[in-house]
Amino acid sequence: AQSVAQPEDQVNVAEGNPLTVKCTYSVSGNPYLFWYVQYPNRGLQFLLKYITGDNLVKGSYGFEAEFNKSQTSFHLKKPSALVSDSALYFCAVRRNYGQNFVFGPGTRLSVLP
Amino acid sequence: KAGVTQTPRYLIKTRGQQVTLSCSPISGHRSVSWYQQTPGQGLQFLFEYFSETQRNKGNFPGRFSGRQFSNSRSEMNVSTLELGDSALYLCASVARGITDTQYFGPGTRLTVL
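Residues numbered from 1 in each chain as written. Chains lettered and ligands numbered in written order. Predicted model: local features only at pLDDT ≥ 70, side-chain atom pairs only at ≥ 80, totals over all residues. Heavy atoms only, no water.

J.: Sorry, what's going on with the overall build of chain B here?
T.: Within chain B, the secondary structure is distributed over zero helices and 11 strands. Starting at the N terminus and ending at the C terminus, chain B contains elements arranged as β-β-β-β-β-β-β-β-β-β-β. Its C-alpha atoms give chain B a radius of gyration of 13 Å, within 12% of the compact-globule value 13 Å for 113 residues. With the principal axes as the frame, chain B shows a C-alpha extent of 40 × 25 × 25 Å. In chain B, which comprises 113 residues, the share counted as buried stands at 50%. Here the analysis covers contacts within chain B between residues at least 6 apart in sequence; of these, 53% occur between residues at least 24 apart. Within the structure as shown, chain B displays about 5,200 Å² of accessible surface, and the carbon and sulfur contribution to it stands at 49%. In chain B, which carries 12 positive and 6 negative side-chain charges, the distance between the mean positions of the two groups comes to 3 Å. (Helix = DSSP H or I, 4+ residues; strand = E, 2+ residues; numbered from the N terminus. Rg over C-alpha atoms; globule rule 2.2 N^0.38 Å. Buried < 20%, exposed > 50% of the residue type's maximum accessible area, 1.4 Å probe, protein only. Contact = heavy atoms within 4.5 Å. Areas by Shrake-Rupley, 256 points an atom, 1.4 Å probe, with all protein chains shown as cover. Lys, Arg positive; Asp, Glu negative; His and termini not counted. Charge placed at Lys NZ, Arg CZ, Asp CG, Glu CD.)

Okay, structure coming up:
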């Protein structure tokens, strides 16, 4: 069975500092990994995905994520956080065609001015 | 391209009533998934439809049902509403391929009184 863990419910970071939101997954075979962001009372917005190739994936709004197969992780990063990055972040995995996406519980990011 | 649209955006019902929510996927997308989001349970998968057939189903009671039409539009129905059904219901669509991104609509906020 597929599963996704986001070990931190809440991450606080000061504006201008680097941020990391952690994600680990459990799936057999090759995973397809995704990050989404959700602002209050909105749907989820796609940030980036890892399919294959370079382990460092760049996405929207200056975010990037690093795929680490040995640690089964896909951490989301940004070199310099903005207050406007404050939101709920979800990691998701999909393994095979025909299987649904599995989402992590979400991590609330607060960027303090 | 227009994004995923959901109607209505807000809905207030009373216990015992039934409700139907609608989702129009991005043009050309053939897969539609539904999720329930609550503060306590996070993002929970309800079901996925592909080419008018239910392909996957989450762990929800039979009161929750859905369907997909030939134009890929989808509806979900909840019968005999309970207070615990109050949630944000999100619809997402995917083009076709296993590596394709899932795009979300803004959601329907259902409140059961």
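J.: Would you explain the state of the cysteines in this entry?
T.: A covalent bond between the sulfur atoms of two cysteines is what we call a disulfide. All names here are of chain B. For the structure on display, the rule yields two disulfides over all chains. Linked covalently through their sulfurs, Cys 23 and Cys 91 form a disulfide whose S-S length is 1.7 Å. One disulfide, between Cys 23 and Cys 91, carries an S-S torsion of -55° and so falls in the left-handed class. Highlighted residues: Cys 23 in strand S3 (residues 19-24) and Cys 91 in strand S9 (residues 87-94), separated in sequence by 68 residues. For the pair formed by Cys 23 and Cys 91, the shared burial category is buried. (Disulfide = S-S within 2.5 Å.)

J.: I would appreciate a short explanation of the interface of chain B and chain A in the present structure.
T.: It is common to give the size of an interface as the accessible area lost on bringing the parts into contact. Facing the 24 residues of chain B at the interface are 22 residues of chain A. Between chain B and chain A, roughly 1,800 Å² of surface is buried when both sides are summed, and carbon and sulfur atoms account for 55% of that area. Linking chain B to chain A there are zero salt bridges. Viewed at the interface, chain A and chain B are joined by three residue pairs in polar contact (both at pLDDT 80 or more). When residues of the side of chain B that touches chain A are traced back to their parent elements, those giving at least two are strand S4 (31-38), strand S5 (42-50), strand S6 (53-57), S9 and strand S10 (103-104) of chain B. The element that contributes the greatest number of residues to the side of chain B that touches chain A is S5 of chain B, accounting for four residues. Counted by class, the side of chain B that touches chain A contains 11 nonpolar, seven polar and six charged residues. (Buried area = accessible area lost by both parts, 1.4 Å probe. Salt bridge = Lys/Arg side-chain N within 4 Å of Asp/Glu carboxyl O. Polar contact = N/O pair within 3.5 Å; in protein donor to acceptor, adjacent residues only side chain to side chain. Nonpolar A, V, L, I, M, F, W, Y, C, P; charged D, E, K, R; others polar.)

J.: What exactly am I supposed to notice about empty space enclosed by the protein here?
T.: With a probe scaled to a water molecule rolled over the atoms, the places where space remains empty come into view. As enumerated under the stated definition, the model contains one cavity of 30 Å³ or more in all. Counted as a void, the largest cavity has a volume near 50 Å³. Every residue lining the largest cavity is listed: Asn 41 of chain A together with Arg 9, Tyr 10, Leu 88, Pro 106, Gly 107 and Arg 109 of chain B. (1 Å grid on protein atoms, 1.4 Å probe; cavity = no way out; pocket = protein on both sides within 12 Å on 5 of 7 lines; lining within 4 Å. Points joined across faces, edges and corners; volume = space filled by probe spheres on them.)

J.: Explanation requested: unusual backbone geometry in the structure shown.
T.: Backbone geometry follows two general trends: most residues other than glycine have a negative phi, and most peptide bonds adopt the trans configuration. Residue and element names in this part refer to chain B. Residue Pro 8 follows Thr 7 across a cis peptide bond; omega there is -10°. Inspection of the secondary structure assignment puts Pro 8 in the loop between strand S1 (5-7) and strand S2 (10-13). A positive phi angle, near 80°, is found at Ser 72, a position not held by glycine. Following the sequence through the fold, Ser 72 ends up in the loop between strand S7 (64-68) and strand S8 (74-78).

J.: Can you help me understand the side chain of Asn 77 of chain B in this one?
T.: All names here are of chain B. Here Asn 77 is to be found in strand S8. Side-chain polar atoms of Asn 77 contact the side chain of Thr 20, separated by 2.9 Å. Beyond its immediate stretch of four places on either side in the chain, Asn 77 contacts Gln 18, Val 19, Thr 20, Arg 63, Phe 64 and Ser 65.

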